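If you want the building blocks of each chain, they are given just below.
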Amino acid sequence: LLQPLVPTAMFLYFIVPFQSCAFALVTTSIPALISKRAGAEAQGATLGINGSLQALSQVIAPLTAGFVAGIFGIASPFVLGAVCIALSFAFVYR
């Protein structure tokens, strides 16, 4: 979320480690939460669907970001990402 606000690329060296730690926490805790939430008989299918959707998102997100950046400018994928996160929070905490 902070990437479009940095004045030079040098500041990214300070931001990226924090993003990496957050990504590591999320990618390990989401399957744990899903497995606790799903029943014992549906855990395998639920975790399989979760893995498939994660893989799909790792393909669709960069393609969409490249398309959006090409049309609207280099900062627009970050704005789009922030909007998606805000919509996610609104959906989860409604």
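Figured I'd write up the structure that's included with this text. (Residues numbered from 1 in each chain as written. Predicted model: local features only at pLDDT ≥ 70, side-chain atom pairs only at ≥ 80, totals over all residues. Heavy atoms only, no water.)

**Some details on the overall build of the chain**
Okay, so step 1: On a plain count of helices and strands, the chain comes out with three helices and zero strands.
Okay, so step 2: Reading the secondary structure of the chain in the N-to-C direction produces α-α-α.
Okay, so step 3: The principal-axis extents of the C-alpha atoms in the chain amount to approximately 50 × 30 × 25 Å.
Okay, so step 4: Evaluated residue by residue, the chain yields a buried proportion of 7% over its 94 residues.
Okay, so step 5: Just so you have it, the chain exposes about 7,500 Å², and 76% of that area is on carbon and sulfur atoms. (Helix = DSSP H or I, 4+ residues; strand = E, 2+ residues; numbered from the N terminus. Buried < 20%, exposed > 50% of the residue type's maximum accessible area, 1.4 Å probe, protein only. Areas by Shrake-Rupley, 256 points an atom, 1.4 Å probe, with all protein chains shown as cover.)

**Digging into a nonpolar patch on the surface**
Okay, so step 1: Where nonpolar side chains cluster on the molecular surface, the patch consists of Ile49, Leu53, Leu56, Val59, Ile60 and Leu63 and spans about 590 Å² of accessible area.
Okay, so step 2: Mapped onto the secondary structure, isoleucine 49 falls in helix 2 (residues 43-72). (Patch = residues over 30% accessible without salt bridge, like charges linked within 9 Å, V, L, I, M, F, W, Y side chains within 5 Å. Salt bridge = Lys/Arg side-chain N within 4 Å of Asp/Glu carboxyl O.)

**Observations regarding the side chain of asparagine 50**
Okay, so step 1: Its place among the elements puts asparagine 50 in helix 2.
Okay, so step 2: Other than its neighbours up to four places away in sequence, asparagine 50 contacts Ile30, Pro31 and Ile34. (Contact = heavy atoms within 4.5 Å.)

**Regarding the packing of helix 1 (residues 12-37) against helix 2**
Each packed pair of helices is defined by two parameters, the angle between the axes and the distance between the axes.
Okay, so step 1: One way to put it is that helix 1 packs onto helix 2 with a least axis distance of 9 Å and a crossing angle of 150°. Put simply, helix 1 runs roughly antiparallel to helix 2. The two elements helix 1 and helix 2 cross, and the hand of that crossing is right-handed. Across the interface between the two elements, Phe23, Ile30, Pro31, Ile34, Ser35 and Lys36 from helix 1 touch Gln43, Thr46, Leu47, Asn50 and Gln58 from helix 2.
Okay, so step 2: When its residues are assigned to classes, the contact of helix 1 with helix 2 shows five nonpolar, five polar and one charged. (Axes fitted to C-alpha atoms, helices over the stretch in contact; angles between N-to-C directions. Parallel < 35°, antiparallel > 145°, perpendicular 65-115°, else oblique. Left-handed = near helix turned anticlockwise from the far one by under 90°. Nonpolar A, V, L, I, M, F, W, Y, C, P; charged D, E, K, R; others polar.)

**Remarks on the packing of aromatic side chains**
Okay, so step 1: Considering all chains together, one arrives at one aromatic pair under this definition.
Okay, so step 2: Residues phenylalanine 89 and tyrosine 93 carry aromatic rings whose centres are separated by 5.8 Å and whose planes lie at 15° to one another, so their mutual orientation is stacked. Like phenylalanine 89, the residue tyrosine 93 is exposed in the burial classification.
Okay, so step 3: If you follow arginine 94 out to its NZ or CZ, it ends over the ring of phenylalanine 91, 4.9 Å from the centre. (Phe/Tyr/Trp six-rings, centres within 6.5 Å; stacked < 30°, edge-to-face > 60°. Lys NZ or Arg CZ within 6 Å of the ring centre and 35° of its normal.)

**Details of the environment of serine 52**
Okay, so step 1: Along the polypeptide, serine 52 turns up in helix 2.
Okay, so step 2: Here serine 52 falls in the partly exposed class, since its relative accessible area comes to 48%.
Okay, so step 3: Residues serine 52 and serine 76, spaced 24 residues apart in sequence, show a C-alpha to C-alpha distance of 27 Å.

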